[in-house]
Amino acid sequence: MTTTTVDLLKPVLADLAVVVANTDGHETAPTPCTELDVAALRNHVAGWLSTFAAGFADPGGRASASGAQVPQVAEQAAEVIRAAADQLDSAVRSGADQRPLYLGENPMPGDMAMSMILWEYIVHGWDLAVATGQEWNPAPEAAAASATFAPTMLTPDYQGPGKPFAPRVSTAENASDLERLLGLSGRDPSWRRR
């Protein structure tokens, strides 16, 4: 049986919901995603996951590019993630990733969007986990798939000062796929909360 992106994503999102549920009391703590503190990043991951799920569930593949509103209580935000994860899983298992996903007027191939979502949620899950002193251990297969995919999206016009992603961070030659993915995404894998 072939493992699909949605198979890899489902446990990542389940683990993300656990991490988000345990972020109360850390709302103003900094994260490796330097422009967002814990509360803002929690809102970002839950809101955008809801947006992606709604887009895949929509028969035309259309979603609002503005993100969804998320409750400010950690457990309620985790429930938003669980509900969106279920909606996304159901839509994709019904074939929604075989058509484009529209964020605004811009279409993206559905399978590419799923790979992007997996990558984003592995990295942001790590961001929230390390910022709040929690464990983050995505399946090695998920990290490997994202470490292969990320360079296709991280072109010079997206990475560097003033761009959506920080410059790449060098990682050790024997780095794990998760550490390589973090470095590719502009994160220092050794970052720890202060």
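Let me sum up the structure you'll find in this document. These numbers come from a predicted model, not from an experiment.

**What about the overall build of the protein?**
Looking only at helices and strands, one finds six helices and three strands in the protein. Listing each helix as α and each strand as β along the protein from the N terminus yields α-α-β-α-β-β-α-α-α. Based on the C-alpha atoms only, the size of the protein along its principal axes is roughly 45 × 35 × 35 Å. Across the 194 residues of the protein, 47% fall into the buried class.

**Looking at the nonpolar core**
Membership of the largest hydrophobic core comes to 59 residues, with the highest contact counts inside it found for L16, F56, L88 and Y121. For this core, the secondary-structure elements that each account for two or more residues are helix 1 (5–21), helix 2 (38–57), helix 3 (74–93), helix 4 (110–131), helix 5 (140–153) and helix 6 (177–184). In terms of residue count, helix 4 provides more of this core than any other element does, 14 residues in total. Excluding residues that lie within four positions of it along the chain, Y121 makes contacts with V12, L13, L16, H44, V45, W48, L49, F52 and W136.

**Digging into the packing of aromatic side chains**
Under the counting rule described, the total for this entry stands at three aromatic pairs. An angle of 45° between the planes, with centres 5.8 Å apart, marks the rings of W48 and F52 as tilted. Placement of the pair is W48 and F52 together in helix 2, with a separation of four residues, close to one helical turn. Overall, W48 belongs to the partly exposed group, its relative accessible area being 21%. Exposure remark for F52: the relative accessible area of 3% places this residue in the buried category.

**A word on the environment of P30**
Within the element layout of this structure, P30 appears in the loop between helix 1 and helix 2. On the basis of relative accessibility, which here comes to 42%, the residue P30 falls in the partly exposed class. Taking the C-alpha atoms as reference points, P30 and G186, separated by 156 residues in sequence, lie 16 Å from one another. Those residues within four positions of P30 in sequence are excluded, and the remaining contacts are A131, W191 and R194.

**Quick word on the pattern of salt bridges**
This structure, assessed with the given rule, holds nine salt bridges. Across the salt bridge formed by D89 and K10, the nearest N and O atoms sit 3.9 Å from each other. Within this pair, whereas D89 is found in helix 3, its partner K10 is found in helix 1, the two being separated by 79 residues in sequence. Owing to a relative accessible area of 12%, D89 belongs among the buried residues under this scheme. Linking D89 and R93 is a salt bridge whose minimum nitrogen-to-oxygen distance equals 3.0 Å. Here R93 and D89 lie together in helix 3, a separation of four residues that amounts to about one turn. Since its relative accessible area comes to 46%, R93 is described here as partly exposed.

Analysis parameters
- Residues numbered from 1 in each chain as written.
- Predicted model: local features only at pLDDT ≥ 70, side-chain atom pairs only at ≥ 80, totals over all residues.
- Heavy atoms only, no water.
- Helix = DSSP H or I, 4+ residues; strand = E, 2+ residues; numbered from the N terminus.
- Buried < 20%, exposed > 50% of the residue type's maximum accessible area, 1.4 Å probe, protein only.
- Core = buried A, V, L, I, M, F, W, Y, C linked by side-chain atoms within 4.5 Å.
- Contact = heavy atoms within 4.5 Å.
- Phe/Tyr/Trp six-rings, centres within 6.5 Å; stacked < 30°, edge-to-face > 60°.
- Salt bridge = Lys/Arg side-chain N within 4 Å of Asp/Glu carboxyl O.

By themselves, these figures tell us nothing about what the structure is for.
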